[in-house]
Structure formats: structure tokens, C-alpha cells
Amino acid sequence: MTDVLTELEAYRPELTGYCYRMLGSAFEADDAVQDTMVRAWRGLDRFEGRSALRSWLYRIATNVCLSMLTGAQRRVRPMDLGPAGSGHATSPGTPLEDATWLGPIPDDPAVVVAGRETVRLAFVAALQHLPPRQRAVLILREVLSWSAAEVADLLDMTVAGVNSALQRARATLATTTPGDLRTVTDAAQNALLDRYVRAFEAYDMDALTALLHEDATLSMPPVPLWLRGRADIRAWMTGTGAGCRGSRLVPITINGLPGYAQYRTTGPWSLIALEITDGRIAAVTNFLDAARLFPRFGLPTTRPAGSGAAPAS
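Residues numbered from 1 in each chain as written. Predicted model: local features only at pLDDT ≥ 70, side-chain atom pairs only at ≥ 80, totals over all residues. Heavy atoms only, no water.

(A) Broad picture of the pattern of salt bridges. This structure, assessed with the given rule, holds 13 salt bridges. Linking Asp156 and Arg59 is a salt bridge whose minimum nitrogen-to-oxygen distance equals 3.6 Å. Residue Asp156 is found in the loop between helix H8 (148-155) and helix H9 (159-176), and its partner Arg59 is found in helix H4 (residues 53-69); the two are separated by 97 residues along the sequence. Judged by relative accessible area, Asp156 falls into the exposed class, the value being 65%. Taking the relative accessible area as the measure of exposure, Arg59 reaches 23% and is therefore partly exposed. Close ionic contact of Asp98 with Arg75 constitutes a salt bridge, the shortest N to O distance being 3.7 Å. Of this pair, Asp98 sits in the loop between H4 and helix H5 (107-110) while Arg75 is found in the loop between H4 and H5, placing the two residues 23 residues apart along the sequence. (Salt bridge = Lys/Arg side-chain N within 4 Å of Asp/Glu carboxyl O. Helix = DSSP H or I, 4+ residues; strand = E, 2+ residues; numbered from the N terminus. Buried < 20%, exposed > 50% of the residue type's maximum accessible area, 1.4 Å probe, protein only.)

As C-alpha cells, this is what we get:
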């Protein structure tokens, strides 16, 4: 019995990555995988063919995710909800419920099977535009490299149906996935990240905004306000958002992106994910639900004494 449980648990990390891509929430992915494990354990007496255990678990996980997605709204980023706001705004808006937002996930569980680019925020946000079954087809075929026949068997489809769904999914992603999703891990990026940390912790807005693209974005889920451009980001950081002055940053990796856990003088505040293009920061996402996210990322709840550094490449 212990051996069987160990064998099932070995698949938990990759199933978490799969369910996260399907659902757009690390917390819902945890629930889906736990449900999958319970169903698998209860159904072991009906399982035949030990060599197909992985396929069987993915079938269960897919059915769990499809059930969870029935009637669910598409998870979004603040930029999907309306135009950019003003950096001189006096409020970021009323926080919206968690089910509205695409959430972050720690790096390791999501990238055990597939490359980091397939869990980037932009890519997972684009996946949310696909109908659930098309989403499953694309993830299984393009991310996990399953054959069309294997996917057809898992989803009870024909091979022709799988290929058609994949073609439609690719066409949708071609119009919804922005930018270059390739991983960039070089000395120049690490130098950029070091400069970002020094500027942020010194609250030197001249130095910080110099690291941004001219049309860089700043978003802060679960609040709807988002900003575009150096001027508005600077205005926000020196105005309503000035409570970030005096913060300390701890390097982490979020969705395959370089990022930081931000501790204000009062304690944990946000997880910061940075999207970098052409040697500058193109997008800054501050996930503000510190009470839930810091434990999920295994982060301490006390403010560190030192300064941050660039995440390891």
C-alpha cells in the first residue's frame, strides 16, 4: 500500500503544472490534484495496466479540471478588463474576487515536465481564451508532447477531432500571446535585476524607471488599476503607492520569470513578477494577496534584514 501511495505521489508535481495551466490558479490546481489523488486511490482496484498509470492519472486530472471549468469565467489580468489608469489615481480600485484573476505559481512544480516558457504569465493568460477541451488538447500536444492518438484516447475524441481542436487552439493563441516567450538567462539580465533591486530598495525612481520600456505596464491584482508608461508608473510609485518606500526584496522565480517577494516595513506585501524584453523591463506584476501567496511560495512572514539579489539563472 505504501509503495502505491509513493508511486501516485511521484506524479503530483507534474500534475500540478498541468492543472495550473488548465485552471490558471495554483490554489485550484492544488485542489484538482488532491481530488485526482483521492479518486485514483479509490479506483485502484479497477485500474488495469500499471504501465499506463501516468495516462490514467492525466485522464482523471483532466476530467476534474473540465468539471471545475464548467460555468467558470475566464481568468484574466488587469489589462484585460479595461484601459490603463492614471498614475495620479488616489485609489487602485476595489479588490475583485480571486476567481477573476490569473494567479502565480512557484517555479519548480510547474516546470518539471515542460519548459518555463509554457508557464509564463502571458502564455497561461492566453490559454484562458481557449475552450476547456481545446485547452487540454493544446497543453497535452504542445506542452507535454503527447501524440494525437494518446490525446484522443484520453479525451474520448477521434484523432481527426484532436488535430482540428489543436489547429483552432493554435490560431487563437497566435492572436492572444504577446511578445517573445523565450527564456533569457544571461549576465546582462542578471545585471538588470541587480540594478532593479538596488533602485527599488533605495526608492530611486530615476534609476528604476530608467530600467523600464517606455510603454512598460504595472498591474496589481486583485485590484483592477493598471498603468502603462514610465511617467504614470513613476507618478504612482511616488504618490499613492509610496508606501512601498523602504521595502526589502527577496529573489524568487514566478511562473518561470524572475521575481521578488516584497516586504514593506509592515511585513509581507506582494510577489513581484518581471517580464523582460530586449534588455528592459516590459511588465511588472505585483500579486498583492500576501497572506495566501507567501505561504504557497514557502516564504517567511517576517521582513528580512538584508538586500535582495538577482534570482539565479
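(B) Up close: the packing of aromatic side chains. All chains considered together, the criterion is met by six aromatic pairs. Look at Tyr196 and Tyr260: their rings are 5.9 Å apart centre to centre, the planes differ by 25°, and that puts the pair in the stacked class. Linking Tyr196 in helix H10 (residues 187-202) with Tyr260 in strand S4 (residues 257-264), this pair joins segments that are 64 residues apart in sequence. Seen in terms of ring centroids, Tyr263 and Phe294 are 5.3 Å apart; in terms of plane orientation they differ by 90°. Their pairing is edge-to-face. Taken together, the residues Tyr263 in strand S4 and Phe294 in helix H13 (residues 290-296) connect sequence positions 31 residues apart. Arg264 extends its terminal NZ or CZ atom over the ring of Trp269, reaching a point 3.6 Å from the ring centre. Cation over ring: Arg292 sits above Phe27, and NZ or CZ is 3.8 Å from the ring centre. (Phe/Tyr/Trp six-rings, centres within 6.5 Å; stacked < 30°, edge-to-face > 60°. Lys NZ or Arg CZ within 6 Å of the ring centre and 35° of its normal.)

(C) Geometry of the nonpolar core. If you look at the biggest cluster of nonpolar residues, it comprises 68 residues, and the most contacted ones within it are Tyr18, Cys19, Met22 and Leu271. Considering each element in turn, this core owes the most residues, 10 residues, to H4. Apart from residues no more than four positions distant in its own chain, Met22 is found in contact with Cys65, Leu66, Leu69, Gln128, Pro132, Arg135, Ala136 and Ile139. The next biggest cluster of nonpolar side chains, apart from the first, holds 28 residues, and it includes Ala199, Tyr203, Cys244 and Leu274. (Core = buried A, V, L, I, M, F, W, Y, C linked by side-chain atoms within 4.5 Å. Contact = heavy atoms within 4.5 Å.)

(D) Here's a closer look at the packing of H4 against helix H7 (residues 132-143). Where H4 meets H7, the axes come as close as 10 Å, and the angle between the chain directions of the two elements is 145°. Classified by chirality, the crossing of H7 by H4 is right-handed. Only Pro132, Arg133, Arg135, Ala136 and Leu140 of H7 make contact with H4, whose side of the interface consists of Tyr58, Thr62, Leu66 and Leu69. Counted by class, the contact of H4 with H7 contains six nonpolar, one polar and two charged residues. (Axes fitted to C-alpha atoms, helices over the stretch in contact; angles between N-to-C directions. Left-handed = near helix turned anticlockwise from the far one by under 90°. Nonpolar A, V, L, I, M, F, W, Y, C, P; charged D, E, K, R; others polar.)

(E) Local environment of the side chain of Glu14. Mapped onto the fold, Glu14 is located in helix H2 (residues 12-23). Side-chain polar atoms of Glu14 contact the side chain of Tyr58, separated by 2.7 Å. (Polar contact = N/O pair within 3.5 Å; in protein donor to acceptor, adjacent residues only side chain to side chain.)

(F) Structural view of the environment of Leu130. In this structure, Leu130 sits in the loop between helix H6 (121-127) and H7. Take Leu130: its relative accessible area is 2%, and that puts it in the buried class. Distance in space between the C-alpha atoms of Leu130 and Ala169 is 6.5 Å, their sequence separation being 39 residues. In contact with Leu130, not counting residues within four places along its chain, are Arg135, Leu138, Ala169, Thr172 and Leu173.

(G) Broad picture of H2. Over its 12 residues, H2 extends 16 Å from the first C-alpha to the last, a length consistent with the 16 Å expected when each residue adds 1.5 Å. Looking at H2, one finds that the buried residues are Glu14, Leu15, Thr16, Gly17, Tyr18, Cys19, Tyr20, Arg21, Met22 and Leu23. Positive backbone phi, at 75°, marks Gly24, one or two positions downstream of H2. (Expected span 1.5 Å × (residues − 1).)

(H) Fine view of the environment of Ala72. Residue placement: Ala72 occurs in the loop between H4 and H5. A C-alpha to C-alpha distance of 9.7 Å links Ala72 and Thr100, two positions 28 residues apart in sequence.

(I) Spotlight on the side chain of Arg296. Among the structural elements, Arg296 can be located in helix H13. At a separation of 2.8 Å, a polar atom in the side chain of Arg296 contacts the side chain of Asp30. Contact partners of Arg296, with chain neighbours within four places excluded, come to Thr16, Ala26, Phe27, Asp30, Ile105 and Pro106.

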